[in-house]
Amino acid sequence: VMIEHRSVVNYILWCQGVYSSEGEYGSLIHSSLAFDMPVTSIFVPLVCGNRIELMSEVGGEEGVALILNSEKVFDFIKLTPSHLKMLKENLSVQQPRANIRVLIVGGENLLEDEVKFCQEAFPEARIYNEYGPTEATVACVVYQCIQSNIRQITIPIGRPISNTNLY
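Let us look at the structure shown here.

Rules and cut-offs
Residues numbered from 1 in each chain as written. Predicted model: local features only at pLDDT ≥ 70, side-chain atom pairs only at ≥ 80, totals over all residues. Heavy atoms only, no water. 1 Å grid on protein atoms, 1.4 Å probe; cavity = no way out; pocket = protein on both sides within 12 Å on 5 of 7 lines; lining within 4 Å. Points joined across faces, edges and corners; volume = space filled by probe spheres on them. Helix = DSSP H or I, 4+ residues; strand = E, 2+ residues; numbered from the N terminus. Nonpolar A, V, L, I, M, F, W, Y, C, P; charged D, E, K, R; others polar. Expected span 1.5 Å × (residues − 1). Buried < 20%, exposed > 50% of the residue type's maximum accessible area, 1.4 Å probe, protein only. Contact = heavy atoms within 4.5 Å. Salt bridge = Lys/Arg side-chain N within 4 Å of Asp/Glu carboxyl O.

Focus on the layout of surface pockets
Of the pockets and cavities examined, the largest pocket occupies roughly 270 Å³. Contributing to the lining of the largest pocket are 19 residues, with Gly106, Gly107, Glu108, Glu130 and Gly132 lying nearest its centre. The dominant element in the lining of the largest pocket, judged by the number of residues it contributes, is strand E5 (residues 126-131), at three residues. A class-by-class count of the residues in the lining of the largest pocket yields eight nonpolar, seven polar and four charged.

Here is the structure:
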């Protein structure tokens, strides 16, 4: 998909202010670079002068669980609801958990149960539901999931990010 440069810049600058404004720990890249999901995990930390941890493709989804069952610290990690379902089965309650400041979920319909799992697994993380077709530059709509507002089976897609409109 071809998108305008200014759309990517707008998205990255918005993410920098919301997801990584005070961070210094960067992000984890765990999915194919051919997918639009790593755009956030690559460019936002680089713009902020932070690190990126690139996970081996050999690790697969179990590799994500191994990293999250460690004492690593990340400013943010971006996952899909499918990742969350796998993590429910593979995260160990006995082991330490990664410290994630922001958890971004996108790419699929996000459900209440998945948000509750995130809140239990990573109680310190702010959780965001991102929506947007690739043609609109990764994401253009976001919803912050706060415990008191999660009473719906399907989580809303939210409101437009800065300098965008939703029709």
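What about helix H1 (residues 5-19)?
Relative to the 21 Å expected for 15 residues at 1.5 Å per residue, H1 spans 21 Å between its end C-alpha atoms, a close match to the ideal helical length. All of the buried residues in H1 are Asn10, Tyr11, Ile12, Trp14, Cys15 and Tyr19. Looking at the buried positions of H1, the neighbouring elements they touch are helix H2 (38-48), strand E3 (73-79), strand E4 (99-106), E5 and strand E6 (141-145).

As for the pattern of salt bridges
Here the structure, examined in full by the defined rule, presents seven salt bridges. For Glu130, the salt bridge goes to Lys78, with nearest N and O atoms at 2.7 Å. Taken as a pair, Glu130 in strand E5 and Lys78 in strand E3 lie far apart in primary sequence, 52 residues in all. Lys78 carries the same exposure label as Glu130, and that label is buried. Between Glu114 and Lys85 there is a salt bridge whose closest N-O contact spans 3.7 Å. Of this pair, Glu114 sits in helix H5 (residues 112-121) while Lys85 sits in helix H4 (residues 81-90); the two residues are 29 residues apart in sequence, bridging distant segments of the chain. You can call Glu114 buried: its relative accessible area is 3%. Since its relative accessible area comes to 44%, Lys85 is described here as partly exposed. Here the salt bridges share partners, and the residues they tie into one network are Arg51, Glu53 and Lys72.

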